[in-house]
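Coordinate analysis (summary)
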Amino acid sequence: AQIWASFVKKSRYGKKPGPPVHDDLVKRDFRATEMNQVWLTDITEHKTIEGTLYMASLLDVFSGRIVGYSIGSRMTSDLAVSALRNAISLRSPTNTVVHSDRGSQFRSTAFVRMLKNNGLRGSMGRVASAGDNAAMESFHALLQKNVLNTKRWETRDELRMAIVTWIERTYHRRRRKRSLGKLTPIEFEALATTLDGVLSVA
């Protein structure tokens with residue numbers, strides 16, 4: 001069976017790296033001891049017969065959960081800002097480090113302003129260095145294997161629905177990760193919240 005490679009690495013689709021607007025606060029240390037401590041963000045693209053679909057997403061390093069995403073037909077700063085806004089609305093974070101590459105979307109005035117206005121700390125890796133955002137790249141690889149390369153996608157809406165369904169039903173709730181003690185991201189966060197409550201009461 002022919003595999004339709006719809007995933008294209010960000011360095012090939014016109015992302016414009018530039019000077020960092022934040023220091024690198026992560027330095028390839030993809031560990032966190034609590035939720036909303038470190039988020040990673042990136043934009044990836046997916047081909048359909050109708051045209052290209054872009055997705056900006058944010059991943060919580062603590063659990064691997066995708067805490068915010070935005071999907072659209074254009075790769076703009078609005079896409080990145082919308083994903084961040086969704087994550088903030090879901091999680092109500094405080095002092096969270098938000099790590100990205102140096103793409104123009106993440107250096108935009110609108111994205112930087114949203115970080116600042118919500119008490120978040122921006123962080124940026126080096127130019128064209130996948131290792132600086134390895135955990136996000138790992139998620140994209142899973143998405144590619146389980147959704148993007150499984151068929152030839154006709155329309156953006158078809159692919160959008162497939163991506164959302166896989167993230168919400170499978171990745172978050174069914175895929176057990178060895179690094180989480182064979183729990184799903186949702187289960188791991190629920191357990192952490194429960195234990196935190198027990199410790200707080202004690």
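Parameters at a glance
Residues numbered from 1 in each chain as written. Predicted model: local features only at pLDDT ≥ 70, side-chain atom pairs only at ≥ 80, totals over all residues. Heavy atoms only, no water. Helix = DSSP H or I, 4+ residues; strand = E, 2+ residues; numbered from the N terminus. Buried < 20%, exposed > 50% of the residue type's maximum accessible area, 1.4 Å probe, protein only. Contact = heavy atoms within 4.5 Å. Core = buried A, V, L, I, M, F, W, Y, C linked by side-chain atoms within 4.5 Å. Phe/Tyr/Trp six-rings, centres within 6.5 Å; stacked < 30°, edge-to-face > 60°. pLDDT = per-residue confidence, 0-100. Pairing = 2+ DSSP bridges. Salt bridge = Lys/Arg side-chain N within 4 Å of Asp/Glu carboxyl O. Axes fitted to C-alpha atoms, helices over the stretch in contact; angles between N-to-C directions. Parallel < 35°, antiparallel > 145°, perpendicular 65-115°, else oblique. Nonpolar A, V, L, I, M, F, W, Y, C, P; charged D, E, K, R; others polar.

**Describing the overall build of the protein chain**
Within the protein chain, the secondary structure is distributed over 6 helices and 6 strands. Along the protein chain, helices and strands appear, N-terminal first, in the series β-β-β-β-α-β-α-α-β-α-α-α. Within the span of the protein chain, comprising 202 residues, buried residues form 49% of the whole. Partitioning the contacts of the protein chain with sequence separation of at least 6, the portion at a separation of at least 24 is 69%.

**Some words on the nonpolar core**
Grouped together as the largest cluster of nonpolar side chains are 28 residues, with contacts concentrated most on Met55, Ile66, Phe139, Val147, Ile163, Trp166 and Ile167. Where this core is concerned, the elements lending two or more residues are β2 (38–47), β3 (52–60), β4 (66–72), α4 (134–146) and α5 (156–171). Dropping the residues within four chain positions of it, Ile66 is found in contact with Ser57, Leu58, Leu59, Met136, Phe139, Ile167, Tyr171 and His172. Counting residues in hydrophobic clusters, the runner-up holds 21 residues, among them Val81, Val98, Met114 and Met124.

**Details of the packing of aromatic side chains**
Tallied over the entire structure, the rule returns 5 aromatic pairs. Look at Phe139 and Trp166: their rings are 6.0 Å apart centre to centre, the planes differ by 35°, and that puts the pair in the tilted class. A residue pair is termed long-range when its members are at least 10 positions apart, and Phe139 in helix α4 and Trp166 in helix α5 qualify at 27 residues. Each of the two residues, Phe139 as well as Trp166, counts as buried. Between Trp166 and Tyr171, the aromatic rings sit 5.5 Å apart at their centres with planes inclined by 35°, giving tilted as the arrangement. Looking at Trp166, the relative accessible area reads 7%, which means it is buried. Taken together, Phe139, Trp166 and Tyr171 form an aromatic cluster joined through their ring pairs.

**As for the confidence of the model for the protein chain**
Atomic detail in the predicted coordinates should be set aside for any region of low pLDDT. Of the residues in the protein chain, 85% have a pLDDT of 70 or more, and the chain-wide mean is 87. Contacts of residues 1–14 to residues separated by more than four positions or lying in other chains number 32 contacts, the stretch itself having pLDDT below 50.

**Points about the pairing of β4**
Burial analysis of β4 places 7 of its 7 residues in the buried class, which makes it a mostly covered element. Where β3 and β4 come together, 6 bridges link them in antiparallel fashion. The residue bridging Leu59 from the neighbouring strand is Ile66, located in β4. The turn linking β3 back onto β4 is made up of 5 residues, and Gly64 within it adopts a positive phi angle of 80°.

**So, the pattern of salt bridges**
Inspection of the entire model under this criterion finds 9 salt bridges. Where Asp29 meets Arg31, a salt bridge forms, and the shortest distance between an N and an O atom there is 2.6 Å. The closest approach of N and O atoms between Arg91 and Asp60, which form a salt bridge, is 2.8 Å. Here Arg91, found in helix α1 (residues 77–91), pairs with Asp60, found in strand β3; they are 31 residues apart in sequence, far enough to count as distant. Here the two residues Arg91 and Asp60 agree in accessibility, since each one is buried. Here the salt bridges share partners, and the residues they tie into one network are Asp60, Arg65, Arg91 and Glu189.

**Considering the packing of α4 against α5**
Packing of α4 against α5 brings their axes to within 11 Å, and their N-to-C directions diverge by 110°. Taken together, the axes of α4 and α5 are roughly perpendicular relative to one another. Judged by residue contacts, Phe139, Leu142, Leu143 and Asn146 of α4 engage Ile163, Trp166, Ile167 and Tyr171 from α5. Of the residues in the contact of α4 with α5, the class split is 7 nonpolar, 1 polar and no charged.

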